[in-house]
Each structure stands twice: as C-alpha cells, then as structure tokens.
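Structure at a glance
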Amino acid sequence: MSSVAQKKGFGATLWDWLTTVDHKKIGILYFLGGGFFFVLGGIEAMMIRYQLYKPNNDFVSAGLFNDLITMHGTTMIFLAAMPILFGFMNAIVPLQIGARDVAFPFINSLGFWMFFFGGLFLNISWLYGEVPDAGWTSYASLSLASEGHGIDFYAIGLQIAGGGTLMAGINFLVTIINMRAPGMTYMRMPLFTWTTFVASAMILFAFPPLTIGLFFLTFDRMFGGNFFNHEMGGNTIIWEHIFWIFGHPEVYILILPAFGIFSEIFSIFSRKRLFGYPSMVFATVLIGFLGFMVWAHHMFTVGLGPTANAIFAVATMAIAVPTGVKIFNWLLTMWGGSIKVTTPMLYALGFIPSFVMGGVTGVMQGAAPLDYQLHDSYFIVAHFHYVIVGGVVLAILAATHLYWPKMFGTMLNETLGKVTFWFFFIGFHMTFLIQHWLGFWGMPRRVWTYMDGQGWNFANLISSIGALLMAIGVIVLVYNAIMTSIKNVKVANDPWGDGRTLEWAIESPPIYYNFAATPLVRGLDTVWIEKMEGNETGLTPAEPIKDIHMPNGSIIPFLMTLGLFIAGFGAMFRTEAAWGLPVLIFGLLWTFVSMAVRSLQDDTGYYIKKDEILRDLKRKGGQN
Amino acid sequence: MADVQVYKRTPAEQQLAKRRSKKAMRDQVMMFSLMIFLTLVSFSMVVAYEAGVAGFSKYLIIPMVMLFAAVQVGLQLYYFMHMSEKGHGIPQMFMYTGALLGFLIPLAFVTIVWW
Ligand code: HEM
Ligand SMILES: [Cu+2]
C-alpha cells in the first residue's frame, strides 16, 4: 500500500473497501450501511403513520401493517441505531485514545460484514414476500404460530447481525483496555471513549442471551424443537425473559454512547471542562450494572407476582438516579461556559428536555401498578420514542455534524444543519407528545386501524403530520451531505476551533496510520491543555518517529460472512426443498474453510518506513 | 523491521527478580499441597459416607465438598492463573460481573419462572 494519492479505477476502489481493515474506513462503512437502513426504517415509519392518519384507513392491510411495525422496530434498533453508533466509535475512539487502529482489525471488518449481511438477510424477506410479523420483540407463542418464513428471516438475520455486534463489542473492549497512548489513564479517557467501553461491556454480557434465545427460536421453528412449546413441556414465558435480559441492556447500549457524544459536545461548545467528570464516569458504570437488573419491568403484566414486580419496580426506579446525575452535570457544564450554538450544540440543547421527558415516563411505567394501565398502549410507544429518538437519534444527528469533518474532511453546511434540526425537533415532539394522551385515551399499540368516534382522530392526524416534518428534516440532511461532498471544500485539523481531545489534533480525515508519533497524554482534554500552554499543534509526541507496524487488508471476513448468509437460506428451506440441507452444509463448510485459511496463513502485516512518515510530515508542513 | 532491543538487568534488579520468583515458587508449592490436601479430604469424606461411618451424613458432606470446590477455584484463579498479581483488575472485574449475573439470572428464573 502506498500513501501517495493516485486515481484508482472502480474495481480497485471496490476491492479496497471490501478488504479494508482500517478503522476509519470501517467506521464509514458502518455509517453508510446504518444510514441506508435508517432511511429504509424511516420509509416504513412513514407508511405506518400514513395508515394511521385517519380512522378506518385501508392504505395497507392488517397483515402488511404487522410486517411494517416489526421491520420498522427491528431495522431501527439493530440495523440503524447500533451500526451508526459503531460507525462513530470506529471512526473516533481509536483517535481519542491515541491508537493507530483497533486491537483486532480483522475482527473489526468481520463484525461489519456480519452486520451488513444479517441486515440484508432480514430485508430480503420483503422481496421474498414473507416478512417477520410478530413485533420486534417476537414473543414466542405468536412467533411460533406465524406462518411462512417471516420469523425465520428474523431469527437467522438477527443471529448473523448479532454475532457481528458481539465481535465489535469485544474488539472495543480490548482496544480501550490495551491500546491507550502513554499517559492516557482510565480517568483521563474522554467520555465518548468511556461510554463506548461500558456499552461494549454490556454487549459482552447482553448479546449471548440473545444468541441463545434466537437459537431456541430457530430450533423450534426449523428443526422441530419445543423450547417454547408448552404442549411439549416447553415454556413460552422463557422467551420473554431471555429477550428482555438482552433487551433492556440493549436500550442502554444505545443510550450510553449517545450520552458520550453529548458530553463531548457540551464541553467543546461551552469551552469548559466537563463538570463532574468522575461522577459522570461513575454514573455510566452504575447504569451499566443496573441495566441488567431490571428486565422484568417489561413483564409486569405477565403475572410474576407482587414480590417480583415490587423488586423490579424498585430496581427500575434506581436507574433514574445516575441518569439524573448526568443531566445535572451537563447543565452545570454549560453554566458559566462561553456557549457557541452550533448545529451539534443545538441538538444537545434539544436533547436535554426531550430525554428528561422520556426518563420521567419511564419512571411512571416503572411503578408496577400504574404500568397495568399503561402497558401495551400508545403511552409505551411515546415513552420509548422519547428516549430513543429524543436521546439516541438526536445524538446520531448531532454526531453526524460534529464528526463529519473528521470522517470525510469536509464541513456540513451549518444553516442547512439548523434547518434539519428544527424540522426534526418540532416534528419529533409533534409526533410523539400527543401519543401519551392517545395511550391515556385507550388506544392500544400495534393496531392497524381504529374506528371513528373514539376521540382519537385528531391526535393521530397531528402525529402523522409530525412524522412528515421529521422526514423533511432527514431529506434536508441527505441533501446537505450530498452537496457538501460535491463541493468538497477541505477543512483543517480542528474545524470547530475548540477541540479538546486527540482526534482534533490530527488531519481531517487522518492519514491511514493516524499518528506519526504516538502522542503523550498529559491530562483530561489533553489537546486543550497543550493549546492553553501555547503548543499550537496540540500534541506532544511520546516517542521518536520510527517504523510503524500495520495490518494487511483481507477479503476473508467478507467470505466468511457470505458462507453464513448462504447457510441461512439452507436452514430456512431445509424441510421443503431438496437443496436446503446441501446448501446449509455448503455454507457452513465455506465459512469453516475461510476460517481455516485465515488460521493457516502467516499474515504478520507490514511496516511503514520511517522515511515515508517523514515525507508525509514534510508534505503536511510539520507536526502530524 | 524494528530493531530487537536487548536489555541487561543490573545486579540489584537481578537480585529482586530472583527473590520474587523464589517467593512465587514457594507460594505455588504451598497452594498446590493445600489443594491436594483438600481433594484428599473430599474423597475421604465420600468414602467415609459410603462405608457408613457415623456422623458423615449427606447433608454434611455435600455442602463441605461444594465449599472445598469453591476454595479450589479461588486458589486456581489467584495463584496458578496469577490473578493475585498486579494488573489483573480488569479481568477480575469482568469475571465477577459475569459471576454475579450468572448467579442472579438463574436465581430469578428459579424463583419466578419455575417455582
Ligand atoms: C435510557 C434510554 C431508554 C430507552 C432507550 C428505553 C427503551 C424502552 C423501550 C424500547 C421500551 C418498549 C419495550 C416494548 O416493546 O414493550 C421501554 C419500555 C419501558 N421502559 Fe424504557 N427506555 C429507556 C429508559 C427508561 C428509563 C429511564 C426507565 C425507568 C426508569 C424505563 C422504563 C421502562 C419500562 C418500565 C418499560 C415497560 C413498559 C411496558 O411495556 O409496559 N425506560 N423502554
Ligand atoms: Cu427496559
């Protein structure tokens, strides 16, 4: 590989992206892949809201409606929110800790391809015409009764994508534990790195239950198992437990990186050190622990009994405490700061009231007796959209603006960014605020239509108009991204002018080995410290410039995943087509052979010569 | 290729390293004997129970054997897998978290699903 820029043909570029193990490129792949599914899930959402905007609408059939809500939820959680967050983690975390790449670049690429093929598998259900229809929670008795291959697509697709997530989580854990630059102690790590760390630890413990649950479901549906079949001695409630033992930590896996992103934004644009940094770290870790102790609050009405309900209710409300600590820390970070209301900061300002509202309704649902009223009503829909859209999606949009220059080297238009924000923010509150009342008025969730004369018409209309505003906001953002890429005006290291952490002290986007010399970290917000002391570059090298060891790219992750993808179809059609079993075996063999090739090949990477690094440095005119 | 660096210890460092490994060796041997001893006791208890020796009931032996097993796991982890040494904080934290969850979740299942 050569660092000299040269025009490559289409094939070479494609090959480069298929085989890349560079964390910055994988970050972009995650971002684009997740963005694609985000748009897909958004189209599904628009169809849902179009169906519900008036009573007795027959835009879609009841069956198609079930397909839509199931695919919307599954797509948004597993294929949009998580991968986009992984995109930012990949692009930013190694830079923040002063590393040249993640700990396992090969596994990083494998994680991406598994997410992508899993998502593809799931969505091929639309083309095949049999779509998952038991909700994103896929409760067992319903999902076992569902005819056709819909739920099979769900079980196998999520299995593949979930494996990728698990690998990404382990990779980030090892990276953050082992690859921090000299001086980067745990209590000097930027908050986005910290939240990535805790979220990855939660992935490590939460995804294996999902894997098990999905395997049980797969066996029950495709291989004659009876794990959830009560007639054969199984237990259908166990699916609910397994799903929520995974599912509740999952919602915190989503929100913690969002918290991290907003922590960075508040401190950058208030031009102040984050208030209460140690308590922020502590609250993050505590949320990580408590997140595993509350799963049964999704099952209050299942009949676990008053004792179990009481225990889980108290545990649920306890989570509000560390979350509150964070809110106050953000407010106090802004207090007395010299605030600059850029687009990311605007999102951060909008996030605080929105997320607090979602947290408050969460505590309401956590009160078990009240939850008997709220459960399975539109109130629940309002709650989780307030925390997920008002928290996670606002963070994703904010980070898109904040980190765009670091990922692509150009700056999104600020005016258009603010237009996006206002459309999205107003649309979001319009869509979901009124749904709290719809819940109170008795509208159940996941119904495909409703009768006239129940007092729900106007509220649903408002909700649908809000959804339209959000869609306009996203379209403006896509337009903004395209125009910015066409204009292609390159920016300098720190385009926001107030960067505090290591990623802002190097090029946008960074050269493929990130740091010419590993930096020395002298405190929290090390670049800010250097700048305050008059060091314009923001960096102090920890070692002289020397040869750098880099990993080679590889096509094997792509091939390994392709095998699983093929095997998935084999498993699905095993009982009804003669080719099923052979294809299943062929796919698995393909994967194992790819793994064997990887194990036997002696790939120790390559070295970038010191001369080349010095040449790059001279071209850039000095430090990094 | 990066240069291979050879580092020569000073005599003081050599002394220290020697003393440390000596102590480690002593610890390991001690713990190893303790483990053998615990294993022997466990087997003898079971043999005593089989032979019908008075006082060796099931309700004494099963908890005792469990307890000895737990102690052995601890010794194994801390002495033979070096968890007692510095720099093992993170693995410890993850293991204890895993053990805690691995205990609490089955406990919840036993009490609220299968009771
Ligand atoms: C921090 C981000 C949060 C996210 C992303 C989130 C997400 C969700 C989601 C997706 C559901 C719906 C599950 C379903 O399909 O039925 C839900 C339900 C629930 N959430 Fe949250 N939540 C968050 C915070 C909270 C907080 C802070 C609390 C309480 C303190 C809470 C308590 C609940 C309860 C009790 C339910 C169950 C309601 C029911 O189904 O009856 N959530 N949450
Ligand atoms: Cu929950």
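Residues numbered from 1 in each chain as written. Chains lettered and ligands numbered in written order. Predicted model: local features only at pLDDT ≥ 70, side-chain atom pairs only at ≥ 80, totals over all residues. Heavy atoms only, no water.

On a plain count of helices and strands, chain B comes out with three helices and zero strands. Walking chain B from its N terminus toward its C terminus, one meets helices and strands in the order α-α-α. Along the first, second and third principal axes, the C-alpha set of chain B runs to 65 × 40 × 25 Å. Across the 115 residues in chain B, those meeting the buried criterion constitute 18%. (Helix = DSSP H or I, 4+ residues; strand = E, 2+ residues; numbered from the N terminus. Buried < 20%, exposed > 50% of the residue type's maximum accessible area, 1.4 Å probe, protein only.)

Secondary structure summary: chain A contains 19 helices and two strands in total. If one aligns the C-alpha atoms of chain A with their principal axes, the spans along those axes are about 70 × 60 × 45 Å. Evaluated residue by residue, chain A yields a buried proportion of 58% over its 624 residues. With an accessible surface of roughly 23,700 Å², chain A has 70% of that area assigned to carbon and sulfur atoms. If you average the places of the 33 positive and of the 35 negative side-chain charges in chain A, the two averages end up 12 Å apart. (Areas by Shrake-Rupley, 256 points an atom, 1.4 Å probe, with all protein chains shown as cover. Lys, Arg positive; Asp, Glu negative; His and termini not counted. Charge placed at Lys NZ, Arg CZ, Asp CG, Glu CD.)

Residues and elements named next belong to chain A. With respect to the element layout, phenylalanine 106 can be found in helix 4 (residues 105-128). C-alpha of phenylalanine 106 to C-alpha of tryptophan 335: the two residues are 229 residues apart in sequence and 44 Å apart in space. In this view, phenylalanine 106 contacts Val21, Ser554, Ile556, Pro557, Met560 and Arg598; residues no more than four positions away in its chain are not counted. (Contact = heavy atoms within 4.5 Å.)

Each side of the interface is counted separately: chain A has 22 residues, and chain B has 15 residues. For the interface between chain A and chain B, the tally reads zero salt bridges. If you list the elements that add at least two residues to the side of chain A that touches chain B, you get helix 6 (150-178), helix 7 (191-222), helix 8 (236-269) and helix 10 (306-334) of chain A. Each residue belonging to the side of chain A that touches chain B can be placed in one class, and the counts come to 18 nonpolar, two polar and two charged. (Salt bridge = Lys/Arg side-chain N within 4 Å of Asp/Glu carboxyl O. Nonpolar A, V, L, I, M, F, W, Y, C, P; charged D, E, K, R; others polar.)

Residues and elements named next belong to chain A. Within the protein, just one atom coordinates the iron atom of ligand 1: His383 (NE2), at a distance of 2.2 Å. Between the iron atom of ligand 1 and the copper ion (ligand 2) the interatomic distance comes to 4.3 Å. When you line up the elements, histidine 383 lands in helix 13 (residues 378-408). (Donors = N, O, S within 2.8 Å, 3.2 Å for Na, K, Ca; no water.)

A few words on the site of ligand 1. Residue and element names in this part refer to chain A. Close to ligand 1 lie 22 residues; Asp371, His375, His383, Phe384 and Arg445 are nearest. Taking tryptophan 136, its side chain carries an N or O atom lying 3.4 Å from an oxygen atom of ligand 1. At a separation of 2.9 Å, a nitrogen atom of ligand 1 approaches a polar side-chain atom of histidine 383. Grouping the amino acids of the shell around ligand 1 by side-chain chemistry returns 11 nonpolar, nine polar and two charged. (Near = heavy atom within 4 Å. Polar contact = N/O pair within 3.5 Å; in protein donor to acceptor, adjacent residues only side chain to side chain.)

The subject of this paragraph is the coordination of the copper ion (ligand 2). Looking at the copper ion (ligand 2), one finds its protein donor set to be His248 of chain A (ND1), His297 of chain A (NE2) and His298 of chain A (NE2), positioned 1.8 to 2.0 Å from the metal centre. Going along the chain, you hit the donors of the copper ion (ligand 2) in the pattern H-x48-H-H.

So, on to helix 3 (residues 89-113) of chain B. Its 25 residues give helix 3 of chain B an end-to-end C-alpha distance of 35 Å, which sits within 8% of 36 Å, the value for a rise of 1.5 Å per residue. Regarding helix 3 of chain B, the residues found buried are Gln92, Phe94, Thr97, Leu101, Ile105, Ala108, Phe109, Ile112 and Val113 of chain B. At its buried positions, helix 3 of chain B is contacted by helix 6, helix 7, helix 8, helix 9 (277-290) and helix 10 of chain A together with helix 2 (58-80) of chain B. (Expected span 1.5 Å × (residues − 1).)

For the rest of this paragraph, the subject is the nonpolar core. All names here are of chain A. Counting 172 residues, the largest nonpolar core has Phe88, Phe262, Ile265, Trp295, Trp330 and Tyr403 as the members making the most contacts within it. When residues in this core are grouped by element, the largest group, 20 residues, is from helix 8. The residues contacting isoleucine 265, other than those within four sequence positions of it, are Ser270, Pro344, Met345, Ala348, Ala398 and Leu402. Counting residues in hydrophobic clusters, the runner-up holds 13 residues, among them Val60, Phe65, Met443 and Trp456. (Core = buried A, V, L, I, M, F, W, Y, C linked by side-chain atoms within 4.5 Å.)

Turning next to the packing of helix 8 of chain A against helix 13 of chain A. Residues and elements named next belong to chain A. Packing of helix 8 against helix 13 leaves a shortest axis separation of 9 Å and a crossing angle of 50°. In terms of their interaxial angle, helix 8 and helix 13 are classed as oblique. Here helix 8 runs over helix 13; the crossing is left-handed. In contact with Leu254, Ile255, Ala258, Ile261, Phe262, Glu264, Ile265, Ile268 and Phe269 of helix 8, helix 13 contributes Val387, Gly391, Val392, Leu394, Ala395, Ala398, Ala399, Leu402 and Tyr403. The residue inventory of the contact of helix 8 with helix 13, partitioned by class, reads 16 nonpolar, one polar and one charged. (Axes fitted to C-alpha atoms, helices over the stretch in contact; angles between N-to-C directions. Parallel < 35°, antiparallel > 145°, perpendicular 65-115°, else oblique. Left-handed = near helix turned anticlockwise from the far one by under 90°.)

Moving on: the packing of aromatic side chains. Residue and element names in this part refer to chain A. Summed over all chains, the structure comprises 72 aromatic pairs over all chains. Ring plane angle 75° and centroid distance 4.9 Å describe the contact between phenylalanine 112 and tryptophan 113, whose orientation is recorded as edge-to-face. Relative accessible area serves as the criterion here: at 7%, tryptophan 113 is assigned to the buried category. Over the aromatic face of tryptophan 17 sits the side chain of lysine 25, whose NZ or CZ is 5.5 Å from the ring centroid. Here arginine 598 stacks its cationic end above the ring of phenylalanine 106, 3.9 Å away from the centre of that ring. (Phe/Tyr/Trp six-rings, centres within 6.5 Å; stacked < 30°, edge-to-face > 60°. Lys NZ or Arg CZ within 6 Å of the ring centre and 35° of its normal.)

To describe two helices that pack against each other, one gives the angle between their axes and the distance between the axes. Residues and elements named next belong to chain A. For the pair helix 2 (residues 23-52) and helix 15 (residues 457-487), interaxial distance at closest approach is 9 Å and the crossing angle is 155°. In terms of axis orientation, helix 2 runs roughly antiparallel to helix 15. Seen from above, helix 2 lies across helix 15 with left-handed handedness. On helix 15, the residues that touch Phe38, Met46, Arg49 and Leu52 of helix 2 are Asn460, Ser463, Ser464, Ala467, Leu468, Ala471 and Val474. Within the contact of helix 2 with helix 15, the residues separate by chemical class into seven nonpolar, three polar and one charged.

Attention now goes to the domain arrangement of chain B. Residue and element names in this part refer to chain B. Split into domains, chain B comes out as domain 1 (11-84) and domain 2 (86-115). Its C-alpha centre places domain 1 at a distance of 24 Å from the equivalent point of domain 2. Taken together, the contacts link five residues of domain 1 with five residues of domain 2. Carbon and sulfur atoms make up 57% of the area that domain 1 and domain 2 hide from each other, which totals about 430 Å². On the domain 1 side of the interface with domain 2, the three residues burying the most area are Tyr78, His82 and Met83, jointly 78% of the side's total. Where domain 1 packs against domain 2, one counts zero salt bridges. Inspection of the region where domain 1 meets domain 2 yields four residue pairs in polar contact (both at pLDDT 80 or more). Each residue belonging to the side of domain 1 that touches domain 2 can be placed in one class, and the counts come to three nonpolar, two polar and no charged. (Domains from an automatic or database assignment. Buried area = accessible area lost by both parts, 1.4 Å probe.)

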